[in-house]
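# Residue-level structure breakdown
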Amino acid sequence: MIDVDAVAAGYSYVTLDVFTDTPFRGNPLAVFPDASGLDDSMMQLLAREMNYSETCFILPPDDPANDAQLRIFNRTAELPFAGHPTIGAATVLADRFGADRSALTIEVASGVVRAAIGNGDGRTVGSASIVAPQPLMLGQIFSASQLAACLGLDTPDVLTSAHLPRVASTGVEFIFAELSADALSRATPDRTAIEALRRTVVSPTGRASIYCYSRTGTVVRSRMFAPLEGTDEDPGTGSASATLAAMLLDLDMGATLSLEIRQGEQMGRPCDISVDAWRDGSDICARLSGRCVKIFEGRFTAKGD
């Protein structure tokens, strides 16, 4: 049984809109800047209560060579890595450390993230660029018909000339599917079909979060559906955006690739995400960048019965 009274005093939080320079757009995020003393169960309860795509908690690092440890929770589970929480938390950390800190190293469950911090401009609390904690890893392949069923579409709506739908990761797994531009706007997740797809996923996590996109050159429009993880649709998915750049670079066979990704338009929360991928020996690495706007500051003051 959680002793709420024991942890209720002294836990502040800040909310940010990430991947935007305009309040009430972008992807909302809650950050607890000093979460020491909160256990796993309480972090999960707080994430469910905040009801954002993710809520994150900053802790002292396990390795003193790093600046902080970051734990990230969606509404139902902890994540090994996520893009917009790490970008938001990096700007909060930079604000705490002061203007002399333009680079940070942050521990997440899937590795260590290097963050470069940009200054605010009066409209934003700042910006950050983060390198995904793992190189590109490619996984299971699915049929176009399987993904079409999950998205309420017809099989021809799922484009396969570049790649079949497949799992890929640079720190957290997603299933990637390319769609026609029209199909992207029509996609509607079918929970029953996604549950059936998840039963076929060969992965330690068993995630069935679907990132679908339409690409024209270096401009991408995207959507991400994760109803089984409590997020029917996510306004801006940085970790998937970084992985998309790495996966497309692998397909393009080039040395580098830069993309500008627009997500969240159908939700009225447009996100602008910049991503880069490059080859490092046999690995493909990725970086994502975005701005943040501070919205609320508050304190956890719940009292038990």
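Quick summary incoming for the structure in this document. Given the structure is predicted, the values throughout are model-derived calculations rather than measurements. (Residues numbered from 1 in each chain as written. Predicted model: local features only at pLDDT ≥ 70, side-chain atom pairs only at ≥ 80, totals over all residues. Heavy atoms only, no water.)

## Brief notes about the overall build of the protein
A tally of regular secondary structure across the protein gives seven helices and 18 strands. Expected size for 305 residues packed as a compact globule is a radius of gyration near 19 Å; at 19 Å, the protein falls within 12% of this value. By the burial criterion, 54% of the 305 residues in the protein qualify as buried. Side chains of the protein carry 25 positive and 38 negative charges; the gap between the two charge centres is 3 Å. (Helix = DSSP H or I, 4+ residues; strand = E, 2+ residues; numbered from the N terminus. Rg over C-alpha atoms; globule rule 2.2 N^0.38 Å. Buried < 20%, exposed > 50% of the residue type's maximum accessible area, 1.4 Å probe, protein only. Lys, Arg positive; Asp, Glu negative; His and termini not counted. Charge placed at Lys NZ, Arg CZ, Asp CG, Glu CD.)

## Thoughts on empty space enclosed by the protein
Enumeration over the complete set of coordinates arrives at two cavities of 30 Å³ or more. Considered as a void within the structure, the largest cavity measures approximately 150 Å³ in volume. Glu54, Leu79, Phe174, Met224 and Thr237 are, among the 22 residues lining the largest cavity, the residues nearest its centre. Secondary-structure elements contributing two or more residues to the lining of the largest cavity are helix 3 (83-97), strand 14 (219-226), strand 15 (231-234) and helix 7 (238-252). If you tally residues by element for the lining of the largest cavity, the top one is helix 3, at three residues. Class assignment for the residues of the lining of the largest cavity results in eight nonpolar, ten polar and four charged. As a volume, the second largest cavity reaches approximately 30 Å³. Lining the second largest cavity, in full, are Leu184, Arg221, Ser222, Arg223, Arg262, Gln263, Gly264, Glu265 and Gln266. (1 Å grid on protein atoms, 1.4 Å probe; cavity = no way out; pocket = protein on both sides within 12 Å on 5 of 7 lines; lining within 4 Å. Points joined across faces, edges and corners; volume = space filled by probe spheres on them. Nonpolar A, V, L, I, M, F, W, Y, C, P; charged D, E, K, R; others polar.)

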